[in-house]
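Examining the three-dimensional arrangement
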Amino acid sequence: MVGDQPVCPPQHLLRGWGAVLLSQCLSSVFSQVPDPELLPTDPPKKPDPITSESVVFWGLRLWQVIAIFSVFILAIVIALCCIFKCRIPRTKKEIEARHMQRQAAKKYANTLETVPPLNELTEVPGSAPDASAVQTVSEHIHTQSANNRQPSVVRVSEEQPSSLTLPETG
């Protein structure tokens, strides 16, 4: 019993080879079937070209959005120029006029510094100072308290002559 090996019946051997061949054929066929994800599809639709009448957002057209943006930027530039006074003179004449204006303003400011205080301006030039006619109630109280060293009550009567007199007509 040399070589005692079990012998397979030819039907089993034929079925085995048939199964191997069938799997080989199916694998080659399935490898040729394309994946549905990789199949060519219709190209995506191109978006409409943007024109001035295209609605951009909030129902506004492109030209309206550009106009609003431009007005906003222009308003900012104008506001900044007004705040920082960045006007540039165009001609030599305007530069000289501005220089003269600044010199006149400095001269006027220096003149205002030499103006006497308001209490000196209330005196009428050329008249004798009359202290009793111009004396106020507080000055009157102050002079009496300095003299008496006691507070006193001041009575103002209507019989005192007024410093203003009107000429009589008639």
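Only a predicted model underlies this, so the values are computations on that prediction, with no experimental measurement involved.

**Section: the overall build of the protein**
Counting its regular elements, the protein contains six helices and two strands. Helices (α) and strands (β) of the protein occur, in sequence order from the N terminus, as α-β-β-α-α-α-α-α. When burial is assessed residue by residue, the protein has 1% of its 170 residues classed as buried.

**Here's the deal with unusual backbone geometry**
The phi torsion at tryptophan 58 lies on the positive side, around 55°, for a residue other than glycine. Classification of tryptophan 58 as exposed rests on a relative accessible area of 78%.

**Observations regarding the state of the cysteines**
Put plainly, two cysteines are in a disulfide when a covalent bond ties their sulfur atoms together. One pass over the structure, following the stated rule, counts zero disulfides. No disulfide involves cysteine 82; its sulfur sits 7.0 Å from that of cysteine 81, the nearest cysteine.

**A closer look at helix 2 (residues 62-84)**
With 23 residues, helix 2 extends 33 Å from end C-alpha to end C-alpha; this agrees with the ideal 33 Å at 1.5 Å per step. Backbone geometry just after helix 2 places lysine 85 at a positive phi near 45°.

**Remarks on the UniProt feature "transmembrane region" (unreviewed entry) in the protein**
Here, UniProt's "transmembrane region" (unreviewed entry) annotation points to residues 62-84. Its end C-alpha atoms 33 Å apart, residues 62-84 is made of 100% helix and 0% strand.

**Some remarks on the packing of aromatic side chains**
In the structure shown here, the tally under the stated rule is one aromatic pair. Both rings, one in phenylalanine 57 and one in tryptophan 58, keep their centres 5.1 Å apart while their planes meet at 80°; by these two values the pair is edge-to-face. On the basis of relative accessibility, which here comes to 37%, the residue phenylalanine 57 falls in the partly exposed class.

**Some thoughts on the pattern of salt bridges**
Following the criterion strictly, the structure yields one salt bridge and no others. When the shortest N-O distance is used, the salt bridge between glutamate 53 and arginine 61 registers 2.8 Å. According to the relative accessible area criterion, arginine 61 is partly exposed, its value standing at 33%.

The rules behind the values
- Residues numbered from 1 in each chain as written.
- Predicted model: local features only at pLDDT ≥ 70, side-chain atom pairs only at ≥ 80, totals over all residues.
- Heavy atoms only, no water.
- Helix = DSSP H or I, 4+ residues; strand = E, 2+ residues; numbered from the N terminus.
- Buried < 20%, exposed > 50% of the residue type's maximum accessible area, 1.4 Å probe, protein only.
- Disulfide = S-S within 2.5 Å.
- Expected span 1.5 Å × (residues − 1).
- UniProt positions renumbered as here; feature names shortened; annotations may be inferred.
- Phe/Tyr/Trp six-rings, centres within 6.5 Å; stacked < 30°, edge-to-face > 60°.
- Salt bridge = Lys/Arg side-chain N within 4 Å of Asp/Glu carboxyl O.

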